[in-house]
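# Inside the fold
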2 protein chains.
Amino acid sequence: MTETSAPPVLSASIPAIVLVRPQMGENIGAAARAMWNFGLDHMRVVAPRDGWPNPSAVAMASGAGRLLDEAQHCTDLPSALADCDFTFATTARGRDLTKPVYSPEAAMKLAAEKIVSGQRVAVLFGPERAGLENEDIAQANAIVSVPVNPRFASLNLAQCVLLMSYEWMRAQGEVTHEVTEMAGTDWAKGAEIDHLARHYEDQLAEAGFFFPEHKTASMKLNLRNMWSRMPLTRADVQMLHGILRQMVRWKEKG
Amino acid sequence: MTETSAPPVLSASIPAIVLVRPQMGENIGAAARAMWNFGLDHMRVVAPRDGWPNPSAVAMASGAGRLLDEAQHCTDLPSALADCDFTFATTARGRDLTKPVYSPEAAMKLAAEKIVSGQRVAVLFGPERAGLENEDIAQANAIVSVPVNPRFASLNLAQCVLLMSYEWMRAQGEVTHEVTEMAGTDWAKGAEIDHLARHYEDQLAEAGFFFPEHKTASMKLNLRNMWSRMPLTRADVQMLHGILRQMVRWKEKG
């Protein structure tokens, strides 16, 4: 789970800001300041390039250093999302992935609604240079795309965190409490979706599903994207495990 | 009027971003980048501490250097506002001044309306440390106050410019499609979902999944419910058929 502390437990009241493979400590510190300006204080850092804790981040975070002290350091993305019900991935532009794409405003309104109904929400930000990889995005439920000038899209990490945090604060108070219909639903957590995805991946590999070989990677990505895009309950996940297990039993009976 | 060029003539289509007595060149350059990210390219600098042009600003503005080349350098605020019909002053919080106070969103919507009706609009930003003086604000028609965390209000100049520019772009209707709910996605039709459901039902029956018998009906219902609740694309449906077919092939190979 985390390297440095107990398993992450996400406050039910705010989204976690998850920095995936951040490079410069200064940017991590600036992101912490950007978050705290708008009342967000739950940060997770996944495989930061320069290790953790990071003195440059601390120096930059002045006034928001507590966020870094309390940040959860995770070795990989699945462990960072293990307790999350719904994950947004921020990208420079909507890519060719079959996931819903939200504006920052719509995304943070949705996040606020989900949080009110008891779900735990995470927002992913990629490394400074390249942004999130398709494999990262495959673990998210939806995409957030900031509408920038197509001739100059140069938002840095902290600016992107700033805009999302700003929209989070704006979404507060605008949340109507009508979104209770699915409240009480036992949604599958990130770790359960990840486990399901790996079960299918492994079993289908054994069954020869990923063929031809040069298509294996994209087939696996499509499958991951499908699982993460689906609003799966715990019962759904159990049923999907059960389906696969039964097919294996059936084969083994010959 | 300006020191270095002809009297400022503000484009009728966008607001001018007016930096009042900015201190660090880096912040001026970062403000230029923030503006251009959201399509604003009209900057005015009033009495910058380190003179004009400013090499540090140019170094920081990379990609948005044109905004600095074209920026209008004014010796005082009245000359910077000479051609403006309506001026917003940004402040950390609404002060005890008898002026309307707008949120960034409301301010940029109002700015867009005024510009459409042919008015010229400016937005003032104060020096990094102290912000705008009351004398500066006295020259504005309205105040813009960014709703920050009262326990940590540390937005820097470029961040403040970023948020206003972002709200400007949002006000343009360029972002009317708040939720691009996977526009163009090839959603599976009802008949295709039904076909998928029957494929699983039949094949899983053959594999002995529906057991014990008195639970068969409710298991089938759960499965149907799951398929119909999922936002499945045609590609998803094909993949789900493929998964099942491959498991059957695998069994038949023995």
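These numbers come from a predicted model, not from an experiment. Every chain is numbered independently, its residues counted from 1 as its sequence is written. Lettering for chains starts from A, numbering for ligands starts from 1, and both go in the order in which the items are written. Thresholds applied to this predicted model are a pLDDT of at least 70 for local features of residues and 80 or more for the giving and counting of side-chain atom pairs; totals over whole chains, interfaces and linings are not thresholded and use all residues. Water and hydrogen atoms were dropped before computing side-chain values, which therefore reflect all heavy atoms in the structure.

## Regarding the overall build of chain A
Secondary structure follows DSSP: runs of H or I at least 4 residues long count as helices, runs of E at least 2 residues long count as strands, and numbering of each begins at the N terminus. Per the secondary structure count, chain A includes ten helices and seven strands. Only protein chains enter the area calculation, which uses a 1.4 Å probe; residues under 20% of their type maximum are buried, those over 50% are exposed, and those in between are partly exposed. The burial tally for chain A puts 60% of its 254 residues in the buried class. Summarising the internal contacts of chain A: among those between residues at least 6 apart in sequence, 85% fall at separations of at least 24. Within the structure as shown, chain A displays about 10200 Å² of accessible surface, and the carbon and sulfur contribution to it stands at 51%. Throughout, a residue-residue contact means that at least one pair of heavy atoms, one from each residue, lies within 4.5 Å. Throughout, the Shrake-Rupley method with a 1.4 Å probe supplies accessible areas, and for residues the shown protein chains are the sole cover considered.

## Side note on the sheet that holds strand 1 (residues 16-20) of chain B
Residue and element names in this part refer to chain B. Judged by pairing direction, the sheet is parallel, and its seven strands sit side by side in the order 3-2-1-6-4-7-5 without closing on themselves. Among the strands making up the open sheet, the edge pair consists of strand 3 (72-74) and strand 5 (101-102). A strand pair is defined by DSSP finding two or more bridges across the two strands. As paired elements, strand 1 and strand 6 (residues 121-125) share four bridges and run parallel to each other. Residue pairing for strand 6: Ile17 is matched across the bridge by Val123.

## Some details on helix 9 (residues 216-229) of chain A
Across its 14 residues, helix 9 of chain A extends 20 Å between first and last C-alpha, which sits within 8% of the 20 Å expected from 1.5 Å per residue. Counting buried residues in helix 9 of chain A gives ten out of 14 residues, a clear majority hidden from the surface. The set of residues buried in helix 9 of chain A consists of Thr216, Met219, Leu221, Leu223, Arg224, Asn225, Met226, Trp227, Ser228 and Arg229 of chain A. Next to the buried residues of helix 9 of chain A lie helix 6 (134-137), helix 8 (190-206) and helix 10 (234-252) of chain A together with helix 10 (234-252) of chain B. Here, expected helix span is obtained from the residue count minus one, scaled by 1.5 Å.

## Concerning the domain arrangement of chain A
All names here are of chain A. For the domains described, the bounds stem from an automatic or database domain assignment. Segmenting chain A into domains produces domain 1 (2-171) and domain 2 (190-253). Inter-centroid distance (C-alpha atoms) of domain 1 to domain 2 is 27 Å. Listed by partner, the interface residues are 15 residues for domain 1 and eight residues for domain 2. We define a polar contact as two N or O atoms separated by no more than 3.5 Å, with the added condition that, inside protein, one atom must be a possible hydrogen donor and the other a possible acceptor, whereas residues neighbouring each other in sequence contribute only through side-chain atom pairs. Linking domain 1 with domain 2 are eight residue pairs in polar contact (both at pLDDT 80 or more). In terms of residue count, the dominant contributor to the side of domain 1 that touches domain 2 is helix 6 (three residues). Throughout, the ten residues Ala, Val, Leu, Ile, Met, Phe, Trp, Tyr, Cys and Pro are labelled nonpolar, Asp, Glu, Lys and Arg are labelled charged, and all others, Gly among them, are labelled polar. When grouped by side-chain class, the residues that make up the side of domain 1 that touches domain 2 number nine nonpolar, four polar and two charged.

## So, the side chain of Gln246 of chain A
Relative to the elements of secondary structure, Gln246 of chain A occurs in helix 10. Note on Gln246 of chain A: relative accessible area 10%, which makes it buried. At a separation of 2.6 Å, a polar atom in the side chain of Gln246 of chain A contacts the main-chain carbonyl oxygen of Ala207 of chain B. The contacts of Gln246 of chain A, once residues within four sequence positions are left out, are Ala207, Gly208 and Phe209 of chain B.

## A word on the interface of chain A and chain B
With 63 residues of chain A at the interface, the matching set in chain B holds 62 residues. Defined here as a combined quantity, buried area equals the accessible surface (1.4 Å probe) lost by two parts on assembly, summed across both. At the boundary of chain A with chain B, total buried surface from both sides reaches about 5500 Å², with 67% on carbon and sulfur atoms. For the chain A face of the interface with chain B, the top three residues by lost area are Phe152, Trp250 and Lys251 of chain A, together amounting to 14%. For this analysis, a salt bridge means a side-chain nitrogen from Lys or Arg found within 4 Å of a carboxyl oxygen belonging to Asp or Glu. Our count for the chain A to chain B interface comes out at four salt bridges. With a closest N to O distance of 3.7 Å, Arg170 of chain B and Glu167 of chain A form a salt bridge. Across the contact surface, chain A and chain B share 20 residue pairs in polar contact (both at pLDDT 80 or more). Going through the elements one at a time, helix 1 (25-37), strand 5 (101-102), helix 5 (104-116), helix 7 (157-171), helix 8, helix 9 and helix 10 of chain A are the ones with two or more residues in the side of chain A that touches chain B. When residues of the side of chain A that touches chain B are assigned to their parent elements, the largest contribution, eleven residues, is made by helix 10 of chain A.

## Quick word on the packing of helix 9 of chain A against helix 10 of chain B
Lines fitted to the C-alpha atoms define the axes, with helices restricted to the stretch that makes contact. Angles between their N-to-C directions range from 0 to 180 degrees. Here helix 9 of chain A crosses helix 10 of chain B at 110 degrees, and the two axes come no closer than 11 Å. Our classification of the angle between helix 9 of chain A and helix 10 of chain B gives roughly perpendicular. In terms of crossing hand, the pair formed by helix 9 of chain A and helix 10 of chain B is left-handed. Listed contacts from helix 10 of chain B to Met219, Asn222, Leu223, Met226 and Arg229 of chain A of helix 9 of chain A are Asp236, Met239, Leu240 and Ile243 of chain B. Of the residues assigned to the contact of helix 9 of chain A with helix 10 of chain B, the class counts are six nonpolar, one polar and two charged. The labels follow the angle: roughly parallel below 35 degrees, roughly antiparallel above 145, roughly perpendicular from 65 to 115, and oblique for the rest. Helix crossings are classified by the rotation of the near helix relative to the far one: an anticlockwise turn of less than a right angle makes the crossing left-handed, while a clockwise turn makes it right-handed.

## A look at the nonpolar core
One recurring pattern in soluble globular proteins: nonpolar side chains tend to sit buried together. We define a nonpolar core as any set of buried Ala, Val, Leu, Ile, Met, Phe, Trp, Tyr and Cys residues linked to one another through side-chain atoms lying within 4.5 Å. Formed by 92 residues in total, the largest nonpolar core has its most connected members in Leu19, Met43 and Phe88 of chain A together with Leu19, Met43 and Phe88 of chain B. Apart from the residues lying within four places of it in its own chain, the contact partners of Met43 of chain A are Ile17, Leu19, Ile28, Ala31, Ala32, Met35, Leu67, Leu68, Ala71 and Gln72 of chain A. Leu240 and Val248 of chain A together with Tyr200 and Trp227 of chain B belong to the second largest nonpolar core, which has 46 residues in total.

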